[in-house]
Each structure stands twice: as C-alpha cells, then as structure tokens.
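Listed below are the residues making up each chain.
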Amino acid sequence: DVACKTSNANSGIVHAGYDAAPGSMKAKLNIRGNEIMGQIAKELDVPFKRIGSFVIAFDQKDMITIKELYKRGIENGVPNMKILDRNELLSKEPAISDKVVGALYAPTAGIICPYELTISAAEVAVQNGVELFTDNEVTKIIPIQNNELYEIIIKEKSIKQGQEQICDKKVCSKYIINAAGLYSDTIACMVGDFSFKITPRKGEYLLMDKNQGKILNSVVFQTPSKMGKGILVSPTVDGNLLLGPTASDIEDKEDRSTDKSGLSQVREGALKSVPKVNLGNVITSFAGLRAVSSTGDFIIEESRTAKRFINVAGIESPGLTAAPAIAEYVAKVLKEAGLTLPIKENYKPIRKSFKRLRNMEPDEIEKIIKENPLYGSIVCRCEKVSAAEIIDAIRRPAGAKTIDGVKRRTRAGMGRCQSGFCTPKVMQILSHELGIPMEEVTKSGGNSWMVTSK
C-alpha cells in the first residue's frame with residue numbers, strides 16, 4: 001500500500017530548516033518544502049499545524065550547539081528564529097524540565113500526519129489518471145530497443161482461496177523514477193548504478209494517549225548528535241503525544257521490531273526533556289526505518305550509468321518536510337532528461353477528505369446519520385470511526401485494501417485499545433466491499449492473513 005514503509009512511521013515533523021548543512025540538498029529543499037507545505041496541506045485537505053519547535057539545552061556545551069544551529073539556520077534562510085534563555089523558554093513551555101539553560105525557538109516548524117499526507121497525494125494522482133498497482137514487486141529492469149526503453153519485470157501478488165498467488169508481468173517505460181526508499185539502491189543496481197548504498201536507521205517510538213496531548217504546545221527536541229535530532233516530545237495533529245525516536249543503524253530493511261533497551265532510551269530521553277509526561281499512559285510502541293544514504297545527502301539526479309533513470313534516494317529527515325519541494329525538483333530533472341511536460345488543462349489539485357464523525361458537532365452528527373444510517377454504526381469506539389467512513393476509505397481513489405490500509409485512512413484501530421474491539425468489524429466491511437471471503441482479508445497485504453479457515 002502507499003505510506004506503509006518510511007512514510008508510515010516517523011515523527012511527522014515539518015522542520016524549520018536549521019539542522020541541515022548549508023548548501024546541501026537537504027537544506028535547500030527543507031526550506032522550500034516548509035514554505036509551501038501549508039498550501040499543499042490545504043489542497044489535500046490534510047491537518048497541518050505550524051506550532052513551532054524548541055531545541056533545548058541543558059548546559060553551556062549544549063548552548064554552543066544551539067548557537068551553531070542558529071547560525072546555520074540564518075545561512076539556510078530560516079525566518080524568525082530566536083535564542084531564548086531559561087525563563088523565556090519556561091514561560092512558553094512550563095512542562096519542560098527546569099534544568100534547561102536555554103533553547104533555540106523556530107516558529108515556522110510544524111506537525112502533520114505523514115501517512116495521511118502521502119495517501120492524500122496518491123488520491124489526487126489517481127483522480128488525475130495515474131494507474132496505481134499495489135503488492136507489485138519489481139524484480140528486474142531490462143534496457144530494450146537500443147536502450148531507448150526500459151522493460152520492468154514485476155511480481156504481482158494476490159490472495160486466492162486463502163493462498164498467496166504470484167504472477168509475472170511486464171511494464172515498459174521510457175523514464176523511471178526510482179523512489180523506492182530503503183530499496184532504492186537495490187533498484188538502482190538493476191540498471192548498473194552502484195553509486196550509493198542505503199542503510200536502514202531504526203527509530204523506536206512510544207505513543208501516548210490523548211490525555212497527554214496537551215502537556216506541550218510545541219515540538220521539543222534535544223540538542224542533536226551525528227545520529228540525528230535525539231529524543232523528541234511532540235504533540236500530534238490527532239491529539240496524542242509522541243516520544244522518540246532512537247537511532248541505530250541496522251542491516252535488515254524489514255526489521256521494525258522494538259525492544260526493552262530502545263524503549264527505555266525513549267522513556268529516559270523524554271522524561272529528561274519533559275518530566276511531567278505520565279508514562280503510564282503509553283498506548284503503543286512502534287519503530288520506523290529511515291533510508292540513510294552513503295553520500296550523506298539526498299540523491300536526486302539522473303543516473304550517470306542509465307539515461308532517463310532518475311534516482312530519488314536517501315530521503316531521510318527532513319524528507320517529509322522537503323517532499324513537495326522534491327517533487328518540484330524531480331520535475332526539473334525529468335525535463336532536463338528530455339521529458340516533455342505539458343500542463344494538464346483539466347488537472348484537479350483539490351482533494352476533499354471524507355467526513356469524520358469525531359470532528360462533528362452533535363447537530364451535524366444527527367443530520368448525517370439521517371442521511372446515511374451507517375454513520376450511526378460505530379466500528380472503532382476509541383477513535384469514534386463509523387462504518388460509513390470505513391466504506392468511504394475503501395471506495396476512494398487509491399482506496400484501502402487491508403486492515404492497516406483502513407487504519408491509516410480512518411484511524412480505526414489507533415486508539416487506546418489498539419484495534420482490540422474493531423478488527424473483526426473492519427474485516428467484515430473489507431470482505432463485503434472487496435468481494436472476498438474473510439480468509440483473504442489481510443492485515444497489511446502479502447501473506448499477512450488474519451484467519452486461516454472458517
């Protein structure tokens with residue numbers, strides 16, 4: 001599914017832009033992405049809050065780093081930053097540890113839901129004519145017709161009678177954009193491009209219940225290290241509180257496990273910054289993987305070994321922030337590679353989100369249930385998600401086909417009980433809407449079946 005890898009599990013921060021090295025692709029595209037994110041979020045009807053961020057210092061050594069970040073931010077073009085002393089910081093965020101000595105404040109930072117942003121963009125693409133194939137694995141890329149065309153060999157996966165079915169198919173294209181995340185180096189190797197390597201960097205998180213969501217007004221970072229921005233504490237656009245991530249380089253590109261050591265590091269780091277966090281209100285833990293490139297920067301260019309093959313690789317932090325700017329940049333690279341890019345006259349940039357019961361007033365709820373009684377059938381009690389919303393999420397462009405797909409689109413299963421109540425009901429709706437038996441309903445595609453027999 002779209003948004004089921006790196007976009008599914010990250011901090012959801014729209015960074016101000018003071019962290020990346022001046023002159024780097026990360027710095028340039030961070031600033032531009034931050035600048036246009038508000039407009040993108042508005043067009044895609046995705047919640048985005050520009051709540052600002054603090055990088056906090058616990059001693060004078062940290063303050064030296066703070067001043068360096070401020071200087072770097074000025075060079076990168078970050079507006080309205082301030083260095084605050086202890087009293088100024090605590091007046092803005094009283095829940096922060098009183099052991100702080102100062103902070104860097106960046107008001108242009110914000111928060112967004114990374115998977116909702118990604119899914120919404122996919123919906124707009126599909127409504128404008130893009131063909132989307134999920135559960136399709138690229139296994140080989142072959143140059144044909146005197147290297148004027150690429151033949152892409154794909155394994156298509158499906159579930160039939162409770163068994164995973166795989167068939168090969170071919171797609172031909174003159175241009176390829178390699179935006180394969182953790183596997184972008186694998187895809188590049190298929191065309192003889194061995195110029196970079198991707199290393200997964202695991203980050204473990206703790207998600208707090210919504211009763212912790214109002215402890216902070218802004219994103220709180222610790223002073224960064226070479227491995228990243230440290231343990232953050234941040235509100236989410238959905239009202240929870242997020243703690244993390246850790247940062248450890250690993251080999252397995254599918255290892256999203258959490259362990260006692262990593263989660264202890266998250267707890268200790270979060271309490272160091274915000275002692276008032278009540279760790280008794282953790283509702284889940286999870287891990288995400290960042291695609292760290294061997295070059296130390298985003299790789300966005302036509303391959304030097306394969307014409308019309310565009311690498312978009314190593315998109316780690318601030319990749320989410322930079323995403324809209326990366327899209328603009330890739331369009332320029334494609335044009336330079338020879339692709340004609342006429343403006344589509346009937347392009348539809350606007351996407352409207354489905355109606356969410358949890359955001360409605362009582363009179364609105366009463367009215368919508370009269371129009372469609374399925375809004376009165378609550379599937380997820382924790383997040384107040386109705387059957388009507390789940391059906392809409394399945395039927396929309398780039399719609400959900402799995403339990404996790406429904407979860408990312410509607411939040412059914414993301415509440416305090418973590419899908420303990422709603423999973424069977426979601427399965428029933430998926431079975432009915434997709435026209436498949438319950439045995440073919442999967443958690444996340446592939447062979448992740450929920451039941452094996454009646």
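Here the structure is shown first, and the text comes after it.
Position numbers for residues count from 1 along each chain, tracking the sequence in the order it is written. For a predicted model such as this one, the threshold for reporting local features is a pLDDT of at least 70, and the threshold for listing and counting side-chain atom pairs is 80 or more; totals across whole chains, interfaces and linings nevertheless cover every residue. Only hydrogens and water are removed before side-chain values are computed, so all heavy atoms of the structure are retained for them.

**With respect to helix α9 (residues 387-395)**
- Only protein chains enter the accessibility calculation, which uses a 1.4 Å probe; a residue whose area is less than 20% of its type maximum is buried, one above 50% is exposed, and one in between is partly exposed. Numbered from the N terminus, helices here are DSSP runs of H or I no shorter than four residues, and strands are runs of E no shorter than two. Most of α9 is tucked away, with seven of its nine residues classed as buried.
- The set of residues buried in α9 consists of Ala387, Ala388, Glu389, Ile390, Ile391, Ala393 and Ile394.
- Any pair of residues with heavy atoms lying within 4.5 Å of one another is described as a contacting pair. In this fold, the buried residues of α9 make contact with β19 (378-380), β20 (385-386), α10 (403-410) and α11 (423-434).

**Digging into the pairing of strand β14 (residues 241-244)**
- Here β14 shows a buried face lined by Leu241 and Leu243 and a second buried face lined by Leu242 and Gly244.
- Strands are treated as partners if at least two bridges between them are detected by DSSP. With three bridges joining them, strand β11 (residues 198-208) and β14 adopt antiparallel strand pairing. When the sheet's bridge partners are listed, leucine 207 is paired in β14 with leucine 242.
- Alignment of strand β13 (residues 232-235) against β14, held across four bridges, turns out to be antiparallel. Counted as the bridge partner of serine 234 is leucine 242 from β14.
- Counted along the chain from β13 to the antiparallel partner β14, the turn is five residues long, and its residue glycine 239 has a positive phi close to 100°.

**Section: the pairing of strand β12 (residues 219-222)**
- Of the two faces of β12, the one lined by Val219 and Phe221 and the one lined by Val220 and Gln222 are each fully buried.
- Pairing of strand β3 (residues 53-57) with β12 involves four bridges; the strand directions are parallel. Considered in β12, the bridge of serine 53 is made with valine 219.

**Re the sheet that holds strand β10 (residues 176-178)**
- Pairing in this open sheet of three strands is mixed, and the strands run β10-β18-β17 from one edge to the other. Two strands lie at the open edges of the sheet, namely β10 and β17 (299-302), each paired on one side alone. Geometrically, the sheet is characterised by an average inter-axis angle of 10° between neighbouring strands, direction not taken into account.
- Across three bridges, β10 lies against strand β18 (residues 309-313) in parallel orientation. Looking at β18, one finds that isoleucine 176 is bridged to phenylalanine 309.
- Axis definition: a line fitted to C-alpha atoms, over the contacting stretch in the case of helices. Angles run 0 to 180 degrees between N-to-C directions. Where helix α7 (residues 319-336) meets the sheet, it contacts β10, β17 and β18, and its direction lies at approximately 20° from that of β17.

**Quick notes on unusual backbone geometry**
- The omega angle of the peptide bond from glycine 244 to proline 245 is -5°, so this bond is cis rather than trans.
- Relative to the helices and strands, proline 245 is located in the loop between β14 and β15 (248-249).
- Here the bond from serine 317 into proline 318 is cis, since omega is 10°, no more than 30 degrees from zero.
- By secondary structure assignment, the location of proline 318 is in the loop between β18 and α7.
- Residues other than glycine seldom take positive phi values, yet arginine 411 does so here, at roughly 75°.
- Relative to the assigned elements, arginine 411 resides in the loop between α10 and α11.
- When its relative accessible area of 6% is taken as the criterion, arginine 411 is described as buried.

**Digging into the sheet that holds strand β1 (residues 13-14)**
- Strand order across the open sheet formed by three strands is β1-β6-β2, with antiparallel pairing between neighbours. Only two strands of the sheet have a single partner each, and these edge strands are β1 and β2 (48-49).
- Taken together, the two bridges between β1 and strand β6 (residues 110-112) define a ladder with antiparallel strand orientation. Looking across to β6, one finds that valine 14 is bridged to glycine 110.

**Some thoughts on the nonpolar core**
- By nonpolar core is meant a set of buried Ala, Val, Leu, Ile, Met, Phe, Trp, Tyr and Cys residues that side-chain atoms within 4.5 Å join together. In this structure, Tyr18, Val55, Leu104 and Phe221 are the most contacted members of the largest nonpolar core, which totals 27 residues.
- Of all elements in the fold, only β3, α2 (60-76), β5 (102-106), α4 (114-127) and β12 reach the threshold of two or more residues within this core.
- Non-local contacts of valine 55, meaning those with residues more than four positions away in its chain, are made with Tyr18, Ile66, Leu69, Gly102, Ala103, Leu104, Phe221, Gln222, Thr223 and Pro224.
- Among the nonpolar cores identified, the runner-up in size contains 24 residues, and Phe58, Leu89, Ala95 and Val233 belong to it.

**Comments concerning the packing of aromatic side chains**
- Only Phe, Tyr and Trp rings are paired, with Trp represented by its six-membered ring, and only when their centres lie within 6.5 Å; those with planes under 30 degrees apart are stacked, over 60 edge-to-face, the remainder tilted. Scanning the model with the defined rule gives three aromatic pairs in all.
- Ring geometry for phenylalanine 54 and tyrosine 105: centres 4.8 Å apart, planes at 25°, overall stacked. With phenylalanine 54 in strand β3 and tyrosine 105 in strand β5, the pair connects residues that are 51 residues apart, well separated along the chain. For the residue pair phenylalanine 54 and tyrosine 105, the accessibility class agrees, reading buried in each case.
- An angle of 15° between the planes, with centres 4.9 Å apart, marks the rings of tyrosine 205 and phenylalanine 286 as stacked. Note that tyrosine 205 is positioned in strand β11 and phenylalanine 286 in strand β16 (residues 282-293), a separation of 81 residues in sequence.
- Should the NZ of a Lys or the CZ of an Arg lie within 6 Å of a ring centre and within 35 degrees of the ring normal, that charge is described as sitting over the ring. Directly above the aromatic system of tyrosine 183 lies the positively charged group of lysine 253, at a separation of 5.3 Å from the ring centroid.
- When the ring centre of phenylalanine 421 is taken as origin, the NZ or CZ atom of arginine 381, which lies over that ring, is 3.6 Å away.

**What about the state of the cysteines?**
- Disulfides are defined as pairs of cysteine sulfur atoms found within 2.5 Å of each other. Throughout the structure, instances matching the rule amount to zero disulfides.
- Cysteine cysteine 172 shares no disulfide, and the gap to the nearest cysteine sulfur, in cysteine 167, comes to 16 Å.

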